[in-house]
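Chain by chain, the residues run as shown.
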Amino acid sequence: MRVCLPRLIRRSLRRAGTRQELFAGNRETFSHLLARDSILWWGPAHHRRHRRRWAEHLRPNQADGQPVVHLNRPHAITGRLRSLGLLAPKEA
């Protein structure tokens, strides 16, 4: 939650401020961010349930035989993606 909520707030404020199109012409607005059906309410309200679901789904023996890699820091994610060749090598 300490990672998700600040990211959710920054992303939502940016989208509302720039009027960025989300899908099918939908746009976030500042007034909608305060509504009860806002993503800013939904995220924290459903965080625990989704966290439990993903934890169960990604147990090593339950992930359809695929390796499960836990990356809990942005630099760890970047390093892992580079090691898999999914990001360009770091420029010197």
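Refer to the preceding data block for the structure.
First, a word on what this report is: a plain description of the structure on this page. (Residues numbered from 1 in each chain as written. Predicted model: local features only at pLDDT ≥ 70, side-chain atom pairs only at ≥ 80, totals over all residues. Heavy atoms only, no water.)

Another point: the overall build of the protein chain. On a plain count of helices and strands, the protein chain comes out with four helices and two strands. Of the regular secondary structure in the protein chain, the N- to C-terminal order runs α-β-β-α-α-α. The C-alpha radius of gyration computed for the protein chain amounts to 17 Å, which surpasses the reference 12 Å derived for 92 residues by more than 25%, pointing to a less compact arrangement than a globule. Along the longest, intermediate and shortest principal axes, the C-alpha atoms of the protein chain span 45 × 40 × 25 Å. Across the 92 residues that make up the protein chain, the buried fraction comes to 11%. Considering only contacts in the protein chain between residues 6 or more positions apart, those separated by 24 or more positions represent 23%. For the protein chain, the computed accessible surface area is about 8,000 Å², with 56% contributed by carbon and sulfur atoms. For the protein chain, the centre of its 19 positive side-chain charges and the centre of its 6 negative side-chain charges are spaced 8 Å apart. (Helix = DSSP H or I, 4+ residues; strand = E, 2+ residues; numbered from the N terminus. Rg over C-alpha atoms; globule rule 2.2 N^0.38 Å. Buried < 20%, exposed > 50% of the residue type's maximum accessible area, 1.4 Å probe, protein only. Contact = heavy atoms within 4.5 Å. Areas by Shrake-Rupley, 256 points an atom, 1.4 Å probe, with all protein chains shown as cover. Lys, Arg positive; Asp, Glu negative; His and termini not counted. Charge placed at Lys NZ, Arg CZ, Asp CG, Glu CD.)

Even without being glycine, Arg19 reaches a positive phi, approximately 60°. Tracing the chain through its elements places Arg19 in the loop between helix H1 (4-18) and strand S1 (21-23). Even without being a glycine, Ala24 presents a positive backbone phi close to 50°. Counting through the fold element by element, Ala24 comes out in the loop between S1 and strand S2 (26-27).

Turning our eyes to something else, we now look at the environment of Lys90. Mapped onto the elements of the fold, Lys90 is located in the segment after helix H4 (74-83). Distance from Lys90 to Gly79, taken between C-alpha atoms, is 9.5 Å for residues eleven residues apart in sequence.

Another aspect to go through is the packing of aromatic side chains. Going through the model one piece at a time under the given rule, you end up with zero aromatic pairs. Looking at Arg36, its charged tip hangs above the ring of Trp41, at a distance of 4.4 Å from the centre. (Phe/Tyr/Trp six-rings, centres within 6.5 Å; stacked < 30°, edge-to-face > 60°. Lys NZ or Arg CZ within 6 Å of the ring centre and 35° of its normal.)

With that settled, consider the side chain of His47. By the element assignment, His47 lies in helix H3 (residues 39-57). If near-sequence neighbours (up to four positions away) are discounted, His47 is found in contact with Met1 and Cys4.

Next up on the list: the environment of Leu5. Of note, Leu5 is situated in helix H1. Along the chain, Leu5 and Pro44 lie 39 residues apart, while their C-alpha atoms are 7.2 Å from each other.

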